Amino acid sequence: MAEVIGVRFKNAGKVYYFDPDGNKLEKGDHVIVETARGVECGEVAMGNRAIDDEKIVQPLRKLMRVATDPDMKHVADNRRREKSAFDICLKKIAAHKLKMKLVDVEYTFDNSKILFYFTADGRVDFRELVKDLASVFRTRIELRQIGVRDEAKMLGGIGVCGRPFCCCTFLGGFQPVSIKMAKEQGLSLNPVKISGICGRLMCCLKYEQEAYADLLRFVPAVNSVVMTPQGKGVVADRNLLSEKVTVRLDAAPDGPARAFPAGDVKVLRGPRGCAAKPEQQEQSPKGKPEEG
């Protein structure tokens, strides 16, 4: 076990572990640490905590110091420099006639490097641009090509749900998302409806999948033959989130389908003629297997 603190350098960014070097820190404190990119100022996302050695990426770097008022003023000055550098880089890109879109500019805390993030449809030969920028800023220049999901995370915005992007508010990193998740969640497979502003499948499909996968185990599938409190029938529809199924009863085939809680029905046969899963054969009122 080792005592560490978790430090984040961007909003909703990845949390990195550092050795607090005897300091007691709270969430929200600002610290100066040395990273692979150079000296950086970050925000404590996790206070002092003991972590298993297996979860730590070695070597574990030590905290340099708690950020002071002059340090925070320097950070604010860097933010102003970044805006100026962004405008200068835009002009240089236009002068070199490069097909690239500048997304963001970032100064390291110690001003040893300036990072320019951009998107492009293919590979871009920016060697002359780097030389031009280095002659202007007199420091190390790094141009980094990013994907459209990273662009959305950096720029932010409002999603189709009406809320700020998940990627720039609480998601620390991106995970693979598949069309199968949309199918299992009963969503329209229209790409326009299940894609985010970035044009990729929405991240919420991934982090909600675990809840849907759990519900799929207990809510009978459409076309399953079930026994309800009002008799035998076939599942015509289901709502996973409310854990309810709509059943067309055999006793009233021409009548309206009836809605039942998933826990009140017993699956007799699956939609493809296969036997019901054990967890669906006997269910409690909440849709879970009955005890005893």
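Below is a summary of the structure that appears in this document.

Analysis parameters
- Residues numbered from 1 in each chain as written.
- Predicted model: local features only at pLDDT ≥ 70, side-chain atom pairs only at ≥ 80, totals over all residues.
- Heavy atoms only, no water.
- Pairing = 2+ DSSP bridges.
- Helix = DSSP H or I, 4+ residues; strand = E, 2+ residues; numbered from the N terminus.
- Axes fitted to C-alpha atoms, helices over the stretch in contact; angles between N-to-C directions.
- Contact = heavy atoms within 4.5 Å.
- Phe/Tyr/Trp six-rings, centres within 6.5 Å; stacked < 30°, edge-to-face > 60°.
- Lys NZ or Arg CZ within 6 Å of the ring centre and 35° of its normal.
- Buried < 20%, exposed > 50% of the residue type's maximum accessible area, 1.4 Å probe, protein only.
- Arc of directions from axis to C-beta.
- Parallel < 35°, antiparallel > 145°, perpendicular 65-115°, else oblique.
- Left-handed = near helix turned anticlockwise from the far one by under 90°.
- Nonpolar A, V, L, I, M, F, W, Y, C, P; charged D, E, K, R; others polar.

### Quick look at the sheet that holds strand S5 (residues 63–66)
Alright, step 1. Reading across the sheet, the five strands line up as S2-S1-S4-S3-S5 and stay open at both edges, with antiparallel pairing between neighbours. The open sheet terminates on both sides in strands that have one partner only, identified here as strand S2 (15–18) and S5. Neighbouring strand axes in the sheet, compared pairwise and without regard to direction, differ in orientation by 45° on average.
Alright, step 2. For strand S1 (residues 2–8) and S2, the ladder comprises four bridges, and the chain directions are antiparallel. Among the inter-strand pairings, Ile-5 is bridged to a residue of S2, identified as Phe-18.

### Brief notes about the sheet that holds strand S13 (residues 266–269)
Think of a sheet as strands paired side by side through backbone hydrogen bonds, with each pair either parallel or antiparallel.
Alright, step 1. The strand order S12-S11-S10-S9-S13 describes an open sheet built from five strands, whose pairing is antiparallel. Whereas interior strands pair on both sides, the edge strands pair on one side only; in this sheet they are strand S12 (258–261) and S13. For this sheet the average axis-to-axis angle between neighbouring strands, irrespective of direction, equals 50°.
Alright, step 2. Bridge count for strand S10 (residues 231–239) against strand S11 (residues 244–249) is six bridges, and the pairing is antiparallel. Directly across from Val-235, in S11, lies its bridge partner Val-247.

### Quick notes on the environment of Met-64
Alright, step 1. Counting through the fold element by element, Met-64 comes out in strand S5.
Alright, step 2. Separated by 44 residues in sequence, Met-64 and Pro-20 have C-alpha atoms that sit 8.7 Å apart.
Alright, step 3. The residues contacting Met-64, other than those within four sequence positions of it, are Ile-32, Val-33, Glu-34 and Val-39.

### Quick word on the packing of aromatic side chains
Alright, step 1. Summed over the entire model, instances satisfying the criterion amount to five aromatic pairs.
Alright, step 2. Plain terms: the ring middles of Phe-9 and Tyr-16 are 6.0 Å apart, the flat faces sit at 45° to each other, and that makes the pair tilted.
Alright, step 3. Among the aromatic side chains, those forming a connected cluster through ring pairs are Phe-9, Tyr-16 and Phe-18.
Alright, step 4. Lying over the aromatic face of Phe-174, Lys-153 brings its terminal NZ or CZ to 5.9 Å of the ring centre.

### Details of helix H7 (residues 209–216)
Alright, step 1. Every buried residue of H7 is accounted for by Gln-209, Tyr-212, Leu-215 and Leu-216. Seen along its axis, H7 keeps its buried residues to an arc of 125°; they face one direction.

### Some remarks on the packing of helix H1 (residues 69–96) against helix H2 (residues 127–137)
Alright, step 1. Two elements in contact, H1 and H2, have axes separated by 10 Å at closest approach and are oriented at 140°. Judged by the inter-axis angle, H1 sits oblique to H2. Considering the relative orientation of H1 and H2, their crossing is right-handed. Side by side, H1 and H2 meet where Ala-85, Ile-88, Cys-89, Lys-92, Ile-93 and His-96 of the first sit next to Glu-128, Leu-129, Asp-132, Leu-133, Val-136 and Phe-137 of the second.
Alright, step 2. Taken together, the residues that form the contact of H1 with H2 break down as eight nonpolar, one polar and three charged.

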